[in-house]
Amino acid sequence: MVLFWDTSAVLAMVVVEPHSAAALQAAGQATQSYAWRWLEVEAAAGLARRRATDEQWRGLDSVLAALSHVDIPPVRLADIARENRAWRLRAAEAGHFFCFRQLSTVFPGIQMVCFDTEICAAVRAAGLSLWAPG
C-alpha cells in the first residue's frame, strides 16, 4: 500500500497520543511511504515544543529514514498560493495537500495518513483517498 504521511501522523508514531495506534497500524501496512520534505522541519518543531526525550528524537529519525521525500519546485509556489484561496488551509497544510495531490497522479491508489481535520476535509473534497484503520 502506497501512503503519503502528514506531520500529524508522523508525530503520532513518535509521541503517545490518541492516534498513535492508528498511525502504527498504517505504518505496518505501508509498502511505500512518501512525505513532503518540509515534514522534517515540522516534526522536529513538534517534538521540540513537546520537550521530546532522546528516545523520541531517535524514533523520529527512524520514521524519517523510512520516508521517500518529495519537494515543491519554487515555480509551483504561486500555484499553491492561488489554489489555496479555495482550500483555505494553513500554509504548511497546503504544501502537504499539494504534494499528496501531485503524487496521486503518479500513484492513483495512494492514501494520505493524516489526523488533521482540515487537511482530511480537503482530501475528501478533492475525491482523493484517506487511509483509515481497519
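Above this text sits the structure in question.
Scope of this entry: the structure provided in the associated data block. (Residues numbered from 1 in each chain as written. Predicted model: local features only at pLDDT ≥ 70, side-chain atom pairs only at ≥ 80, totals over all residues. Heavy atoms only, no water.)

**A closer look at the nonpolar core**
In globular proteins that are soluble, nonpolar side chains generally tend to be buried together. Judged by nonpolar contacts, the single largest core of 24 residues is most densely connected at Phe4, Trp87, Met112 and Val123. Mapped onto this core, the elements with two or more residues apiece are β1 (2–5), β2 (32–36), α5 (77–87), α6 (91–106) and α7 (117–125). A total of seven residues in this core trace back to one element, the largest contributor, which is α6. Aside from chain neighbours lying at most four places away, what touches Val123 is Phe97, Phe100, Met112, Leu128, Ser129 and Leu130. One finds Leu11, Val15, Ala26 and Leu39 within the second-largest nonpolar core, a separate group that totals 23 residues. (Core = buried A, V, L, I, M, F, W, Y, C linked by side-chain atoms within 4.5 Å. Buried < 20%, exposed > 50% of the residue type's maximum accessible area, 1.4 Å probe, protein only. Helix = DSSP H or I, 4+ residues; strand = E, 2+ residues; numbered from the N terminus. Contact = heavy atoms within 4.5 Å.)

**Let's talk about the sheet that holds β2**
Spatially, the five strands line up as an open sheet ordered β3-β2-β1-β4-β5, and their pairing is parallel. The sheet terminates laterally at β3 (68–70) and β5 (129–130), the two strands that pair on one side only. Direction of pairing for β1 relative to strand β4 (residues 111–113): parallel, over a ladder of three bridges. Of the residues in β4, the one forming a bridge with Leu3 is Gln111. (Pairing = 2+ DSSP bridges.)

**Thoughts on the pattern of salt bridges**
The full count for this structure, using the stated rule, is seven salt bridges. One salt bridge connects Asp79 with Arg76, and the closest N-O pair in it is separated by 2.7 Å. With relative accessibility at 25%, the residue Arg76 sits in the partly exposed group. For Arg90, the salt bridge goes to Asp116, with nearest N and O atoms at 3.3 Å. Placement of the pair is Arg90 in the loop between α5 and α6 and Asp116 in the loop between β4 and α7, with a sequence separation of 26 residues. For Asp116, a relative accessible area of 16% puts it in the buried group. Each of the salt bridges in this network shares a partner with another, and the network as a whole consists of Arg90, Glu93, Asp116 and Glu118. (Salt bridge = Lys/Arg side-chain N within 4 Å of Asp/Glu carboxyl O.)

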